[in-house]
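Read off the chains here:
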Amino acid sequence: MNSPAYLRTPYKATCPACESEDCELLYEVSSSDSARHFLLAESSAARDELRDVIEELWDGKTASVVSCRSCALGFADPLVAGDYRFYNLAYPHSGYPGVRWEHRVTAAYLEKRGMKDFKILEVGAGDGSFMGQVVPNLTTPEQVFCFEHAEQAAEILEGHGYTRWGGDIRDGDAPIATGFDVVAAFQVVEHLDRLEELFQRVWEMTASEGLWFISVPQESNVSLMEQCGGFIDMPPNHLTRWTLDAFEALAKRTGWKIIESENDSSSGVLLSLKSLLVGHYHRKATREGSWRNWIEQKPKGLLRTGLRVLAMIPTALQTLPSWPKFFGRKEGDVIWVVLEKQDADSS
């Protein structure tokens, strides 16, 4: 897929954050575009199977990427998340990231508030990297609960003494638990649909004045990368890209209040440019018959790695005109917010 020139044409949709109907179309993607984005080197049969799953999720062959003119939330239409079939096909060899910036910021915030021995729930806990920042110095393993669907993570989480639940936190058959002092969802919300249900469900599960820590990709960074030729924020993996206004709108109508927020600008210019180069290479490699796609068809090993490194030279030259846009930016890659539960009468 080529770099999408944002169309900015009126689009009929309802924003899932602020419920405004004043929206605009940014661009459209096809199911084939999406499948090739996730599976570059795999066989055409694997991509065809993934494409069919995507079309079933979308109930069609295309999806739109839309922006709300009121709160600037970016979202996919249809707003339908990938299911277990999608993720098993799209990420057959996925692992878990290490400690993130937002993990450290959250642990420091909890310590600064003097919170101890709190009951905590993490939605999408992975292998427990964040919990390693708060256990045992701030709370105990017995106080830790995790929603994580991946079975390979279950043994790790339970080995730490945490209680792990599978499934979807919003579903009626999800475990009934309340009284959480802290809830965390890092790099999770952008993957989910049914956002109002999610916010209401977490509200029900938290204690009075409970805190919910969320991190998501920042809309301004996603838009910059896309328009400079970097990665496409491709549905149905990523469904939303966020602004503080969008968080404020959804929080207000679901019983939450933002009490703290911060942008992650720790990556710096060099890492941002590296991400641009990798994303641009990937974008070009999705074109069947291109020389970058030819590289990706090579067996995994030293040859493919060497060819990728050499490919960074023309990739750098092609993206060079966009580099000045990454200097002096105040916005980071990620937006981190702290929500505080409000009483039902005040929400």
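The rules behind the values
- Residues numbered from 1 in each chain as written.
- Predicted model: local features only at pLDDT ≥ 70, side-chain atom pairs only at ≥ 80, totals over all residues.
- Heavy atoms only, no water.
- Helix = DSSP H or I, 4+ residues; strand = E, 2+ residues; numbered from the N terminus.
- Rg over C-alpha atoms; globule rule 2.2 N^0.38 Å.
- Buried < 20%, exposed > 50% of the residue type's maximum accessible area, 1.4 Å probe, protein only.
- Pairing = 2+ DSSP bridges.
- Axes fitted to C-alpha atoms, helices over the stretch in contact; angles between N-to-C directions.
- Contact = heavy atoms within 4.5 Å.
- Core = buried A, V, L, I, M, F, W, Y, C linked by side-chain atoms within 4.5 Å.
- Phe/Tyr/Trp six-rings, centres within 6.5 Å; stacked < 30°, edge-to-face > 60°.
- Lys NZ or Arg CZ within 6 Å of the ring centre and 35° of its normal.
- Expected span 1.5 Å × (residues − 1).
- Bend = angle between axes of the 7 residues up to and from the residue.
- Patch = residues over 30% accessible without salt bridge, like charges linked within 9 Å, V, L, I, M, F, W, Y side chains within 5 Å.
- Areas by Shrake-Rupley, 256 points an atom, 1.4 Å probe, with all protein chains shown as cover.
- Salt bridge = Lys/Arg side-chain N within 4 Å of Asp/Glu carboxyl O.

Caption draft 1: Geometry of the overall build of the protein. Scanning the protein from N- to C-terminus turns up 12 helices and 12 strands. In summary, the protein has a C-alpha radius of gyration of 21 Å against a globular reference of 20 Å for 347 residues, a match within 12%. With respect to the principal axes defined by its C-alpha atoms, the protein has extents near 55 × 45 × 45 Å. Each of the 347 residues in the protein was classed as buried or not, and the buried ones make up 52%.

Caption draft 2: Just the sheet that holds strand β4 (residues 74–77), in detail. Pairing within the open sheet is antiparallel, and its five strands lie in the order β1-β2-β3-β4-β10. The open sheet has two edge strands, β1 (9–11) and β10 (240–241), and neither has a second partner. Pairing of β1 with strand β2 (residues 23–30), which is carried by three bridges, proceeds in the antiparallel orientation. The residue bridging P10 from the neighbouring strand is E24, located in β2.

Caption draft 3: Summary view of the sheet that holds strand β11 (residues 256–264). Strand order in the open sheet formed by seven strands is β7-β6-β5-β8-β9-β12-β11, and the pairing between neighbours is mixed. At either margin of the open sheet sits one strand with a lone partner, and together these are β7 (163–165) and β11. Each strand axis lies, on average, 15 degrees off the axis of its neighbour in the sheet, ignoring direction. Docked against the sheet, helix α4 (residues 101–112) engages β8 (180–186), β9 (206–217), β11 and β12 (334–341), running at close to 35 degrees with respect to β12.

Caption draft 4: Looking closely at the environment of L73. Locating L73 in the fold gives a position in the loop between β3 (62–68) and β4. Classification of L73 by relative accessible area gives buried; the value is 0%. For the pair L73 and C15, spaced 58 residues apart in sequence, the C-alpha to C-alpha distance is 7.5 Å. Dropping the residues within four chain positions of it, L73 is found in contact with C15, P16, A17, V66, S67, C68, T240, R241, W242, T243 and A246.

Caption draft 5: Focus on the environment of V269. One can find V269 in helix α10 (residues 268–285). For the pair V269 and L198, spaced 71 residues apart in the sequence, the C-alpha separation amounts to 34 Å. The contacts of V269, once residues within four sequence positions are left out, are F326 and F327.

Caption draft 6: A look at the nonpolar core. Residues L121, F199, W212, I214, W242, F247 and L339 are the most contacted members of the largest nonpolar core, which totals 40 residues. Residue contributions to this core peak at five residues, all from helix α7 (residues 195–205). Once you skip the residues sitting within four places of it in the chain, W242 turns out to touch L73, V189, E190, L195, V216, P217, Q218, E219, F247, L250 and I335.

Caption draft 7: Region of interest: the side chain of H282. With respect to the secondary-structure elements, H282 resides in helix α10. Those residues within four positions of H282 in sequence are excluded, and the remaining contacts are H37, L40 and F231.

Caption draft 8: Molecular detail of the packing of aromatic side chains. Per the counting criterion, the structure on display carries 15 aromatic pairs. With 5.9 Å between their ring centres and 25 degrees between their planes, Y6 and Y27 make a pair best called stacked. Here Y6, found in the segment before β1, pairs with Y27, found in strand β2; they are 21 residues apart in sequence, far enough to count as distant. Taking the relative accessible area as the measure of exposure, Y27 reaches 3% and is therefore buried. Ring centres of Y87 and Y91 lie 6.1 Å apart, and the angle between their planes is 20 degrees; this geometry places the pair in the stacked category. The partly exposed category is assigned to Y91, whose relative accessible area is 34%. Members of the aromatic cluster, joined through ring pairs, are F38, F86, Y87 and Y91. Its guanidinium or amino end placed over the ring of F145, K119 lies 5.4 Å from that ring's centre, counting from NZ or CZ. Taking the ring centre of W203 as reference, the NZ or CZ of K341 above it sits at 4.1 Å.

Caption draft 9: The side chain of S20, seen in detail. Along the chain, the position of S20 falls in the loop between β1 and β2. Under the relative-accessibility criterion, S20 is labelled buried at 16%. For S20, the residues in contact, after removing those within four places along its chain, are A13, T14, C15, C68 and S70.

Caption draft 10: Quick look at helix α12 (residues 302–319). Compared with the 26 Å implied by 1.5 Å per residue over 18 residues, the 26 Å span of α12 between its first and last C-alpha is a close match. The largest bend along α12 measures about 30 degrees and falls at I313, with the proline P314 one to four residues further on. Taken as a whole, α12 has its buried residues at R304, A311, T315, A316 and T319. Buried residues belonging to α12 abut α10 and α11 (291–296).

Caption draft 11: Quick look at a nonpolar patch on the surface. On the surface, a nonpolar cluster with roughly 420 Å² of combined accessible area is contributed by L310, I313, L317 and L320. Here I313 shows up in helix α12. On the accessibility criterion, I313 (54% relative accessible area) is exposed.

Caption draft 12: Examining the pattern of salt bridges more closely. According to the stated counting rule, one finds 21 salt bridges in the structure shown. Note that D171 and R194 form a salt bridge whose closest N and O atoms lie 3.3 Å from each other. With D171 in the loop between β7 and β8 and R194 in the loop between β8 and α7, this pair connects stretches of sequence that are 23 residues apart. D171 gets classed as partly exposed once you look at its relative accessible area, which sits at 27%. Classification of R194 as partly exposed rests on a relative accessible area of 32%. Through salt bridges with shared partners, one network takes in D168, R170, D171, D193, R194 and E197.

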